[in-house]
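Secondary and tertiary structure notes
As a plain string of letters, each chain reads:
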Amino acid sequence: MSNTIDIDKNSTAIKSRGSALNINRVLKHATIFIVLVLAWEIGSRIGWLDPLFFPKPTDILASIFRIYVTQGNVWFHLYASLGLVFAGFIAGSVLGVVLGSLVGFSAVIRRFIKPYVIVLEATPRIAVAPLLIALLGFGAASKIAIIMLVCFFAPFINTLSGVINVNEEKLELFESLGASKFQIFTKLVLPDAIPVIMAGERLALTAALSGVLVAEFIQRDQGIGSLILTYTRNLNMASAFACIFTLTLIGFLIFRGMEWLDNRIAFWNHDDGMTRVGSRSKQRWLKQHGEPQ
Amino acid sequence: MTNAVASDLVESAEQVVAAQGVAKSFSGGSVIALQDANFTVKQGSFVSLVGPSGCGKSTLLRLIAGLIEPTQGHIEVHQTQVKRARQDVAMMFQRATLLEWRTAIENVLLPTEIRRTPSSEDKNRAMELLNLVGLGDFAFSFPAQLSGGMQQRVALARLLQTGADILLLDEPFGALDEFTREKLNLELLRIVSEVKATTIFVTHNISEAIFLADEVYVMTPRPGQIAKIVPVNLQRPRELSVQTSAEFNELVAQVRETLGAL
Ligand SMILES: Nc1ncnc2c1ncn2[C@@H]1O[C@H](COP(=O)(O)OP(=O)(O)O)[C@@H](O)[C@H]1O
Ligand SMILES: [Mg+2]
């Protein structure tokens, strides 16, 4: 079309993430880190820090090497814990999203359930853990139940609020287009809620990691939580720290993993996500319809 | 119906929207949003609704769109009473209300998708419409990647994709800056004459109302009503410069007088 007026093309310029690593900053951080670790090492050696509670970093390093390589016992426990984390997380958060959608869909259920939600939300979930064990006995079932419990609420509440808070104007648009209730739900309400659901999932997965530790502290049979407890009771603090750092790494990986997932699923909240999905959809169009004129 | 075919045909070529004694109140009658509206809109004509906020402009559009029902009187579109949202009437809002998770073209295709699985033809039509509003190059951009004016263009293309011949626009460019608004108004005039649509356009800008319209419905508040219908016989196609003509200013004065703002 030649008779249309030119358009501000700047608005599509995608902001670059601009993370050419700043060497200076990295050096600064590395220096501070090394100084801290050295101070810890020296402090433990000359007795400023109680080596019982603050084992030397070199000892921790040796423990890491032992539990991962020479003795290699951490793998079994890690495997056990992570299995529970994912089972409990998936069960709990899927339940949260499904129930959140159902409750959000019906105003009647919503009104009926609201007081219970408030009461349950105010109750610390972990407090119920011993009851779950009493109910389900020792073993994987009660551990998974505890993790489900801590994973359930964030996705449930977020899904519910995401589903309830639909933009009135968009709703009116759908109504003016003659959309059915089902279409409104699948084409508007649910996708609109996805970013806030994802935020709930992120909280849930972090909670799952704490949940598995609590479960394993209570039932000390296997898993990284029981390993930490055993090491601490035997005053083997270096190995306990080795386990804790393992959890740090897992927590970090979970965070990054969820970021990656959010970028795939709620892509329209990310510049690079939009670019990626947009160009893929353009390729698909070109394949089916040829060059748009 | 069968014995009045001839006269129906004549009528359908003439008036596409007709309101008789239409009133709408809310909150059990305590808020009268609109009272005693009577008008007929001719096929292919452009009507502006102008008036201060709260005078029932949006209420009137919603009534025509079948989103709400009148408390009194009745509204006919193409000689049938409006009872619910219908395919020959489509609406556009002050905000673009695009779905952020859909590309521009997917947004344009939404009205089709609600009726059926879009065919190859539907998709090509959507692309044509994006070209018509000047956004052909942005078909695969997401709303967040577009400026406010571009988002309203997508909304306009989506409006046209419905295939409706009656277009209701509720302050569609009201949130945009003056320059973009003028630009889009000109394009709107070109486009609705190209697709031969009947248009009802809400604004609270008097000059804009007159510049666009064949008829200006001047609305006044408390209670909301159509106080006067002002015909606009300015030549088409119109240039922005018509706004400085004596004839135009005479129309402005007439509208202002009705609004009591002179
Ligand atoms: N859903 C509603 N419930 C109660 N009052 C309403 C509703 N919609 C509109 N009104 C009232 O009706 C009057 C006209 O509103 P509206 O048609 O939106 O005016 P305009 O679009 O001209 O600004 C206003 O006083 C408004 O508060
Ligand atoms: Mg309004």
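Here the structure is shown first, and the text comes after it.
This report concerns the structure included in the present document. Chains are numbered independently. Their residues run from 1 in the order of the written sequence. A letter from A marks each chain and a number from 1 marks each ligand, given out in the order of writing. With the structure being a predicted model, the display of local features is reserved for residues of pLDDT at least 70 and the display and counting of side-chain atom pairs for 80 or more, all residues being used for whole-chain, interface and lining totals. The basis for every side-chain value is the complete set of heavy atoms in the structure, and neither hydrogens nor water enter the calculation.

**Regarding the interface of chain A and chain B**
By definition in these notes, contact holds between two residues if any of their heavy atoms fall within 4.5 Å. Listed by partner, the interface residues are 40 residues for chain A and 45 residues for chain B. We define buried area as the total accessible area lost by two parts upon association, computed with a 1.4 Å probe and summed across both. When the two sides are added together, the surface that chain A and chain B hide from each other amounts to roughly 3,800 Å², 66% of it contributed by carbon and sulfur. Salt-bridge detection follows one rule: a side-chain nitrogen of Lys or Arg within 4 Å of a carboxyl oxygen of Asp or Glu. The interface formed by chain A and chain B holds four salt bridges in total. Taking the shortest distance from any N to any O, the salt bridge between E172(A) and R62(B) comes out at 2.5 Å. Polar contacts here mean pairs of N or O atoms no more than 3.5 Å apart (in protein, one a potential hydrogen donor and the other a potential acceptor; neighbouring residues in sequence count only if both atoms are side-chain atoms). Linking chain A to chain B there are five residue pairs in polar contact (both at pLDDT 80 or more). Broken down by secondary-structure element, the contributors of at least two residues to the side of chain A that touches chain B are α7 (168-176), α8 (181-218) and α11 (271-289) of chain A. Numbering goes from the N terminus for both helices and strands, where a helix is a DSSP run of H or I of at least four residues and a strand is a run of E of at least two. Among the elements that take part in the side of chain A that touches chain B, α11(A) stands out by supplying ten residues, more than any other. Put simply, Ala, Val, Leu, Ile, Met, Phe, Trp, Tyr, Cys and Pro go in the nonpolar bin, Asp, Glu, Lys and Arg in the charged bin, and everything else, Gly too, in the polar bin. Classifying every residue of the side of chain A that touches chain B by side-chain character gives 16 nonpolar, 13 polar and eleven charged.

**Brief notes about empty space enclosed by the protein**
In this analysis a 1.4 Å probe is tested at points of a 1 Å grid over the protein atoms alone, and where it fits but cannot get out there is a cavity; an open set with protein on both sides within 12 Å along at least five of seven lines is a pocket; lining residues have an atom within 4 Å of a point. Grid points are joined across faces, edges and corners, and a volume is the space filled by probe spheres set on the points. By the definition in use, this model includes one cavity of 30 Å³ or more. Lining the largest cavity, in full, are L173(A), L177(A), A90(B), M91(B), A155(B), R158(B), L159(B) and T162(B). Contributing elements (two or more residues each) for the lining of the largest cavity: β6 (89-92) and α6 (148-161) of chain B. Residue contributions to the lining of the largest cavity peak at three residues, all from α6(B). Across the lining of the largest cavity, the residue classes tally to six nonpolar, one polar and one charged.

**Some words on a nonpolar patch on the surface**
All names here are of chain A. Each patch is built from salt-bridge-free residues with over 30% relative accessible area, joining like charges within 9 Å and nonpolar side chains (Val, Leu, Ile, Met, Phe, Trp, Tyr) within 5 Å. Per-residue and other accessible areas follow the Shrake-Rupley method at a 1.4 Å probe size, with only the shown protein chains counted as cover for residues. A cluster of nonpolar residues, F86, I90, V94, L95, V98, L99 and L102, forms a patch on the protein surface that exposes about 590 Å² of accessible area. Along the chain, I90 falls in helix α3 (residues 74-105). A simple rule labels every residue: compare its accessible area, found with a 1.4 Å probe on the protein chains alone, to the largest value its type can have, and call it buried under 20%, exposed over 50%, or partly exposed in between. In this structure I90 comes out as partly exposed when scored by relative accessible area, which is 48%.

**As for the pattern of salt bridges**
Pairing between side chains of opposite charge can happen when the charged atoms of each approach one another. Using the criterion set out here, one finds 17 salt bridges over all chains in the structure. Note that K143(A) is salt-bridged to D221(A), the shortest N-O span being 2.8 Å. Separated by 78 residues along the polypeptide, K143(A) in helix α6 (residues 140-164) and D221(A) in the loop between α8 and α9 (224-233) bring together distant segments of the chain. With a relative accessible area of 48%, D221(A) lands in the partly exposed category. Each member of the salt-bridge network shares a partner with another, and the members are R153(B), E187(B), R190(B) and E194(B).

**A short note on the sheet that holds strand β2 (residues 31-42) of chain B**
Residues and elements named next belong to chain B. Taken in spatial order, the four strands of this open sheet run β2-β1-β4-β5, and their pairing is antiparallel. Both outer strands of the open sheet, β2 and β5 (80-81), are each paired with one neighbouring strand and no more. Sheet topology note: the strand β1 (residues 15-26)/β2 ladder contains eight bridges and is antiparallel. Bridge pairing links S25 to I32 in β2. By definition, two strands form a pair when at least two bridges between them are found by DSSP.

**Examining α7(A)**
For α7(A), every residue scored as buried is listed here: K170(A), E172(A), L173(A), F174(A) and S176(A). Structurally, α7(A) contributes buried residues whose contacts are with α8 of chain A together with α2 (57-65), β6, α4 (110-115) and α6 of chain B. For α7(A), the N-terminal cap is N167(A); the gap from its side-chain oxygen to the backbone nitrogen of E169(A) is 2.8 Å. Positive backbone phi, approximately 75 degrees, marks G178(A), located one or two places after α7(A).

**Digging into the site of ligand 1**
All names here are of chain B. To be near a molecule or strand, a residue needs just one of its heavy atoms within 4 Å of it. Lining the immediate environment of ligand 1, one finds F26, V31, A33, S53, G54, C55, G56, K57, S58 and T59. Here G56 contributes a backbone N or O atom positioned 3.1 Å from an oxygen atom of ligand 1. In the model, an oxygen atom of ligand 1 is placed 2.5 Å from a nitrogen or oxygen of the T59 side chain. Every element with two or more residues in the shell around ligand 1 is listed here: β2 and α2. Top element by residues in the shell around ligand 1 is α2. It accounts for three residues. Looking at the shell around ligand 1, its residues break down into four nonpolar, five polar and one charged.

**Some details on unusual backbone geometry**
All names here are of chain B. Following R222, the chain continues to P223 via a peptide bond in cis, the omega torsion being -10 degrees. Within the secondary structure layout, P223 lies in the loop between β9 (215-220) and β10 (225-231). Cis geometry is adopted by the peptide bond preceding P237, which originates at R236 and carries an omega value of -5 degrees. Mapped onto the fold, P237 is located in the loop between β10 and α9 (246-259). Positioned with a positive phi, E171 is a non-glycine residue whose angle comes to about 45 degrees. Secondary-structure assignment places E171 in the loop between β7 (166-170) and α7 (178-194). Notably, R222 is not glycine yet its phi reads approximately 50 degrees, a positive angle. Within the secondary structure layout, R222 lies in the loop between β9 and β10.

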